[in-house]
Amino acid sequence: MAAAGAPSGGAAGSSKVAPSVEFDHSCSDSVEYLTLNFGPFETVHRWRRLPPCDEFVGARRSKHTVVAYRDAIYVFGGDNGKTMLNDLLRFDVKDCSWCRAFTTGTPPAPRYHHSAVVYGSSMFVFGGYTGDIYSNSNLKNKNDLFEYKFATGQWTEWKTEGRLPVARSAHGATVYSEKLWIFAGYDGNARLNDMWTIGLQDRELTCWEEIEQSGEIPPSCCNFPVAVCKDKMFVFSGQSGAKITNNLFQFEFKEKIWTRIPTEHLLRGSPPPPQRRYGHTMVAFDRHLYVFGGAADNTLPNELHCYDVDSQTWEVIQPSPDSELPSGRLFHAAAVISDAMYIFGGTVDNNIRSGEMYRFQFSCYPKCTLHEDYGRLWENRQFSDLEFVLGEKEDRVRGHAAIVTARCKWLRKKITQARERLKQKSKQEIEEEGQALSQNEGICGNVKLCCLQPLLEVTIREAEAQPFEVLMQFLYTDKIKYPRKGHVQDVLLIMDVYKLALNFKLSRLEQLCLQYIEASVDLQNVLIVCENANKLQLDQLKEHCLNFVVKESHFNQVIMMKEFEHLSSSLIVEIVRRKQQPPLRTHSDQPLDIGTSLIQDMKAYLEGAGIEFCDIILLLDGHPRPAHKAILAARSSYFEAMFRSFMPEDGQVNISIGEMVPSKQAFESMLRYIYYGEVNMPPEDSLYLFSAPYYYGFYNNRLQAYCKQNLEMNVTVENVLQILEAADKTQALDMKKHCLHIIVHQFTKDSLLCLQLGIVTDRHTVDNTWFSCLFLSKGTAFWRHENLPKQSRYSELPPFPCPFLSEILALLCYTSAGF
């Protein structure tokens, strides 16, 4: 997304002209007065090197802290390789200028590996390591707390009654609910994992309190970052004794519970977490955590990793092509102002301290709601056209042919066979069944459209209702709701789902189930899981359980359990033999089949795989485009309301966006967004679709945000005429003006633009010269040819195909751009 005002001056570079928008849900459906509000912007995912800190202002450093307050970054403490520091520097992000911050009072002693946070209009500094590192004397950890008031520059030490946290350095600190929270660190002898908090509203009435933590508490650690996102505190990696991990933990402030973010649910082949590391930074922005730098297995990587808190997935951010990338470093510091991250200092190659400042422009797109939208369709079963009859009990579960046939070939075959059987019935039988179903079940008005035809019955004898519903949830969302970890009944349920996934050849679901079960096997449930895996002939799970049982640390405990006595004799024999003679480990070079994702399946469905299951016709300017009601209704409240209450009898729907009919290309871009969340499109499509979120009632403005960025970054000489045409058609007057401005100022510099406008010339026939100017006389356009006799110097322009030529020519005549 665009910054409201990108920094200028210094290394900021020149600003560009681009639109910026706010998503206003009260906006009219009409696009008659569409305005994009052009203004300065910064290219997203762009690294920029800002002016470094001059030595006369402050030393290069590492192990310092930075905080953001208003439009400035404040740097405190650290070490320059020889001595510890306690100076306070200020970097103005608008002016890109450095200075020493004004201070009064007694500042904290020189230190590094301390923490600093902002609350209200103050910065709070806690703990750290102090002393003379040059002479190796008086070195110690601190547990003091200082406040710096930005308005007055006053330093004040807080003195509190009662217990204090143990002195520490290299800890984590954050502010939440008007309190400072301190976690873990190093006390000089051992690494810690305790947590303390103190209220910051009134130092006369506050004291330190140790927090009783529960759950999967991170191991004792230091040199790690913390960040708060969506009311949770996150801790990633760091040093834990001699071991460095790449675990991500979250702490829920209200319940005071830690949870290790599981990676077991991530499919093999999905983006992995960053390498284990320490001395890195992590900041929160929007719903994401951004991890940069640190020391990872004797390397200093400089990739920027991003973790999506909602989807629990990692990715590496690809920087924009014009980025000035920072080198890898550790013990640097980071802070966020507006929609940008600032990185300062750190230790780079050869133990050199840095005084560099870098800026990274975030993107702020609303999350993709594709999985949630299809999940909501599954939960409410609206517009269901299928009814599965399951197992011996003949339990019934409803679904949607469009989703199920897109995701599972095995079920698609069953549905196709059921349709063929239905076709063989007479029309009278079908109508009778439809009436009986409506009367017997009392279907309410919001699904009456689905009951005009009977639900297609599909019999699945291989499946029971509960595991089949979990499987259906996966088809709609690519996920399953994981039961309570370790509970036997829940593990057995997922084993049944796993069996179905094998039968239905759903490789992706197989892996989800397998990873969950393997991660859930423990001493309390391993024998039951092993017995069931044996009965269900789930060889891979059985193998995992056997290997778990015969481990040195597990075997004696397992064989003393009561459950061991009730195992089948054949299984007991296998366990004993496995203990006596472990099998040789074999490694398969075969790549793991992780199947196809929801996005991949819906893409193929739109591109033709779902043609035989289309049940609605979309008319674009009279041209038909088959589609699927359930998918349209899941993704758009406009279609959902139409199919519920105003469905046309002929099954055809005219497509427009307000009063405007989009181009065929833009319409296909919109369908890609609806079916599988695709947002990549030519910039001219973005103008047509800019107001589509209002009109069609998409569940957030993700599409609009991408349209905006597309227009910001991609209006070029090559496509300006197409965008001009779209701007004129959508009445986006400021974009039209912007395109005309580009044309006028590039007209004489680009022959391609002249050709696009329909101006075809042969320079060799005009004395090897280019036309020098153009003017209008009584509404007629003329060229003036240089180096020709006066009587033949002017020639009338022939008619040209571009409908905007008269506007362009008028601007050319009345601007100073000229030829």
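Computed from a predicted structure; not experimentally measured. Numbers given to residues run from 1 along each chain, matching the order in which its sequence is written. For a predicted model such as this one, the threshold for reporting local features is a pLDDT of at least 70, and the threshold for listing and counting side-chain atom pairs is 80 or more; totals across whole chains, interfaces and linings nevertheless cover every residue. As a rule here, side-chain values come from all non-hydrogen atoms in the structure, and water together with hydrogens is ignored.

Engineer: Could you clarify how one ought to interpret the overall build of the chain in this entry?
Structural biologist: Helical segments are the DSSP runs of H or I of at least four residues, strand segments are the runs of E of at least two, and each set is numbered from the N terminus. Across its full length, the chain carries 23 helices and 39 strands. Only protein chains enter the accessibility calculation, which uses a 1.4 Å probe; a residue whose area is less than 20% of its type maximum is buried, one above 50% is exposed, and one in between is partly exposed. A total of 819 residues make up the chain; the buried ones form 52% of that total. Using the Shrake-Rupley algorithm and a 1.4 Å probe, accessible areas are obtained, with residue cover drawn only from the displayed protein chains. Roughly 38500 Å² of accessible area belongs to the chain as shown, and the carbon and sulfur atoms make up 48% of that amount.

Engineer: I would appreciate a short explanation of helix H7 (residues 507-520) in the present structure.
Structural biologist: Helical periodicity: at 3.6 residues per turn, an α-helix aligns residues three or four positions apart in one direction. Take the residue count of a helix, subtract one, and multiply by 1.5 Å to get its expected span. Over its 14 residues, H7 extends 20 Å from the first C-alpha to the last, a length consistent with the 20 Å expected when each residue adds 1.5 Å. The buried fraction of H7 is high, at 12 of 14 residues. All of the buried residues along H7 are Ser-507, Arg-508, Leu-509, Glu-510, Gln-511, Leu-512, Cys-513, Leu-514, Gln-515, Tyr-516, Ile-517 and Ser-520.

Engineer: Quick question: what am I supposed to make of the sheet that holds strand S33 (residues 456-460) here?
Structural biologist: Any two strands with at least two DSSP-identified bridges between them are counted as paired. Read from one edge to the other, the open sheet built from 3 strands follows the order S32-S31-S33, with strand pairing classed as mixed. Of all the strands in the sheet, just strand S32 (395-399) and S33 have a single pairing partner and so form its edges. Neighbour-to-neighbour, the strand axes of this sheet turn through a mean angle of 25 degrees, independent of strand direction. In this structure, strand S31 (residues 386-390) lies alongside S33, joined through 5 bridges in parallel fashion. Looking at S33, one finds that Val-389 is bridged to Thr-459. Only heavy atoms enter the contact rule, under which two residues are in contact if any of them lie within 4.5 Å. In this analysis an axis means a line fitted to C-alpha atoms, helices contributing only their contacting stretch, and an angle means the value between N-to-C directions, from 0 to 180 degrees. Contacts between helix H3 (residues 409-423) and the sheet are confined to S31 and S33, with S33 contributing the most and set at about 130 degrees to the helix.

Engineer: Would you mind showing me how to read the nonpolar core here?
Structural biologist: Soluble globular proteins: nonpolar side chains tend toward being buried together. Nonpolar cores were defined as sets of buried Ala, Val, Leu, Ile, Met, Phe, Trp, Tyr and Cys residues, with membership established by side-chain atoms within 4.5 Å. Core analysis: the biggest nonpolar cluster contains 128 residues, and Phe-388 and Phe-468 have the highest contact counts within it. Of the residues forming this core, the biggest block, 9 residues, is contributed by helix H6 (residues 488-503). Counting residues in each nonpolar core, the second largest holds 18 residues, with Val-57, Ile-73, Val-75 and Cys-96 among its members.

Engineer: Please explain the packing of H6 against helix H8 (residues 526-535) as it appears in this structure.
Structural biologist: For any two helices packed against each other, the geometry comes down to the angle between their axes and how far apart the axes lie. The geometry of H6 relative to H8 is characterised by a closest axis approach of 10 Å and an angle of 25 degrees between their N-to-C directions. With respect to H8, the axis of H6 lies roughly parallel. Both H6 and H8 take part in a crossing whose hand is right-handed. The residues of H8 that touch H6, namely those facing Val-488, Val-491, Leu-492 and Met-495, are Ile-528, Val-529, Asn-532 and Ala-533. With respect to orientation, any angle under 35 degrees is reported as roughly parallel, any angle over 145 as roughly antiparallel, any angle of 65 to 115 as roughly perpendicular, and every other angle as oblique. Each crossing is labelled by how the near helix is turned from the far one, with a counterclockwise turn of less than a right angle marking it left-handed and a clockwise turn marking it right-handed.

Engineer: Would you take a moment to explain the sheet that holds strand S22 (residues 281-285) for this structure?
Structural biologist: Through backbone hydrogen bonds, the strands of a sheet pair up, either in parallel or in antiparallel fashion. What the 4 strands build is an open sheet, ordered S22-S23-S24-S25; its pairing is antiparallel. A strand with exactly one partner marks an edge of an open sheet, and here the two such strands are S22 and strand S25 (313-317). Going across the sheet, the axis of each strand differs from the next one's by a mean of 25 degrees, ignoring polarity.

Engineer: What is the right way to look at the pattern of salt bridges in this model?
Structural biologist: Where charged atoms of side chains with opposite charge meet at close range, the side chains can pair. Basic side-chain nitrogens of Lys or Arg form a salt bridge, by our definition, when they fall within 4 Å of a carboxyl oxygen of Asp or Glu. Scanning the model with the defined rule gives 39 salt bridges in all. Among the charged side chains, a salt-bridge network with shared partners connects Lys-230, Asp-286, Arg-287, Asp-308, Asp-310, Lys-367 and Glu-372.

Engineer: Quick question: what am I supposed to make of the environment of Glu-807 here?
Structural biologist: Tracing the sequence through the fold places Glu-807 in helix H23 (residues 805-813). The exposure class assigned to Glu-807 is partly exposed, which follows from its relative accessible area of 31%. Separated by 67 residues in the primary sequence, Glu-807 and Leu-740 have C-alpha atoms spaced 8.2 Å apart. Non-local contacts of Glu-807, meaning those with residues more than four positions away in its chain, are made with Lys-736 and Leu-740.

Engineer: Just to check I follow, could you spell out the pairing of S22 for this structure?
Structural biologist: Within a regular beta strand, the side chains point alternately toward one face of the sheet and then the other, so they alternate between its two faces. Counted residue by residue, S22 has 4 buried out of 5 residues, so it is predominantly covered. Pairing between S22 and strand S23 (residues 288-292): 5 bridges, direction antiparallel. Opposite Thr-281, over in S23, you have Phe-292 as the bridge partner. Hairpin geometry of S22 and S23 is characterised by an intervening segment of 2 residues between the two adjacent antiparallel strands and by a positive phi of about 60 degrees at Asp-286.

Engineer: I tried to follow a negative patch on the surface on my own but got confused; where do I start?
Structural biologist: Excluding any residue in a salt bridge, patches collect residues exceeding 30% relative accessible area, merging like charges within 9 Å and nonpolar Val, Leu, Ile, Met, Phe, Trp and Tyr side chains within 5 Å. For this count, His and the chain ends are skipped, Lys and Arg are scored as positive, and Asp and Glu as negative. Throughout, a charge is located at the NZ atom of Lys, the CZ atom of Arg, the CG atom of Asp or the CD atom of Glu. Negative charge collects at one region of the surface, where Glu-392, Asp-395, Glu-464, Glu-469 and Asp-496 lie side by side. Looking at where Glu-464 falls in the secondary structure, it is placed in the loop between S33 and helix H5 (465-477). Judged by relative accessible area, which is 38%, Glu-464 ranks as partly exposed.

Engineer: It is not clear to me how the side chain of Arg-578 should be interpreted in this structure. Could you clarify?
Structural biologist: The topology assignment puts Arg-578 in helix H12 (residues 569-580). Given a relative accessible area of 11%, Arg-578 falls into the buried group. Here a polar contact is recorded for every N or O atom pair within 3.5 Å, except that within protein the pair must consist of a potential hydrogen donor and a potential acceptor, and residues adjacent in sequence are included only if both atoms are side-chain atoms. A distance of 2.8 Å separates polar atoms of two side chains, one belonging to Arg-578 and the other to Asn-547. If we skip the residues at most four places from it in the chain, Arg-578 touches Glu-543, Leu-546, Asn-547, Val-550 and Pro-583.

Engineer: Would you mind going over the pairing of strand S4 (residues 65-69) with me for this structure?
Structural biologist: The element S4 is largely enclosed, with a buried count of 4 among its 5 residues. Linking S4 to strand S5 (residues 72-79), which pair antiparallel, is a turn of 2 residues; within it Arg-70 sits at a positive phi near 55 degrees.

Engineer: Just to check I follow, could you spell out H6 for this structure?
Structural biologist: Counted at 1.5 Å a residue, the expected span for H6 with its 16 residues is 22 Å, and the 23 Å between its end C-alpha atoms agrees. Taken as a whole, H6 has its buried residues at Asp-490, Val-491, Leu-492, Leu-493, Ile-494, Met-495, Val-497, Tyr-498, Leu-500 and Ala-501. Along its buried surface, H6 packs onto H5, H7, H8 and helix H9 (539-549). Positive phi shows up at Lys-505, right after H6, with a value of about 60 degrees.

Engineer: What exactly am I supposed to notice about the packing of helix H1 (residues 370-380) against H5 here?
Structural biologist: Between H1 and H5, the least distance of the axes is 8 Å, while the angle of their chain directions is 145 degrees. Where H1 approaches H5, its residues His-371, Tyr-374, Gly-375, Leu-377 and Trp-378 are matched on the opposing element by Glu-469, Met-472, Gln-473, Tyr-476 and Thr-477. Its residues placed into classes, the contact of H1 with H5 shows 5 nonpolar, 4 polar and 1 charged. Three classes are used: nonpolar for Ala, Val, Leu, Ile, Met, Phe, Trp, Tyr, Cys and Pro, charged for Asp, Glu, Lys and Arg, and polar for all others, with Gly counted as polar.

Engineer: In this structure, what is going on with the environment of Arg-461? I would like to understand it.
Structural biologist: You can see Arg-461 is positioned in the loop between S33 and H5. Look at Arg-461 and you get partly exposed, because its relative accessible area is 44%. Along the primary structure Arg-461 and Glu-392 are separated by 69 residues, whereas in three dimensions their C-alpha atoms are 6.7 Å apart. In contact with Arg-461, not counting residues within four places along its chain, are Gly-391 and Glu-394. Within the local environment of Arg-461, its side chain forms a polar contact with the backbone oxygen of Gly-391, the two atoms lying 3.1 Å apart. There is a polar contact of 3.5 Å between the side chain of Arg-461 and the side chain of Glu-394.

Engineer: Can you walk me through the packing of aromatic side chains in this structure?
Structural biologist: For any two aromatic rings, the description comes down to two numbers: the centre-to-centre distance and the angle of the planes. Whether two aromatic rings pair depends on their centres lying within 6.5 Å, for rings of Phe, Tyr and Trp, where Trp uses its six-membered ring; planes under 30 degrees apart make the pair stacked, over 60 edge-to-face, and the rest tilted. As enumerated under the stated definition, the model contains 37 aromatic pairs in all. An angle of 40 degrees between the planes, with centres 4.9 Å apart, marks the rings of Phe-183 and Trp-258 as tilted. Of this pair, Phe-183 sits in strand S14 (residues 179-186) while Trp-258 is found in strand S21 (residues 257-260), placing the two residues 75 residues apart along the sequence. Residue classification places Trp-258 among the buried residues on the basis of a relative accessible area of 1%. Where Trp-378 meets Tyr-476, the ring centres are 5.4 Å apart and the plane angle is 40 degrees; that geometry is what we call tilted. Taken together, the positions of Trp-378 in helix H1 and Tyr-476 in helix H5 put the pair 98 residues apart, joining distant regions of the chain. The exposure classification of Trp-378 matches that of Tyr-476, with both residues buried.

Engineer: What is the right way to read the confidence of the model for the chain from this model?
Structural biologist: Interpretation of this model should avoid reading the predicted coordinates in detail wherever pLDDT is low. On a range of 0 to 100, pLDDT expresses the predictor's confidence in each residue. Chain-level statistics for the chain give a pLDDT mean of 82 and a share of 79% at 70 or above. For the stretch residues 758-801, pLDDT sits under 50, and the model shows 71 contacts to residues farther than four places along the chain or on other chains.

Engineer: What's the story with the side chain of His-171 in this structure? I'm lost.
Structural biologist: Relative to the helices and strands, His-171 resides in the loop between strand S12 (155-158) and strand S13 (172-176). Reaching out from His-171, the side chain makes a polar contact with the backbone oxygen of Phe-126 at a distance of 3.5 Å. Other than its neighbours up to four places away in sequence, His-171 contacts His-113, His-114, Ser-115, Phe-126, Gly-127, Gly-128, Ile-182, Phe-183, Ala-184, Gly-185 and Phe-224.

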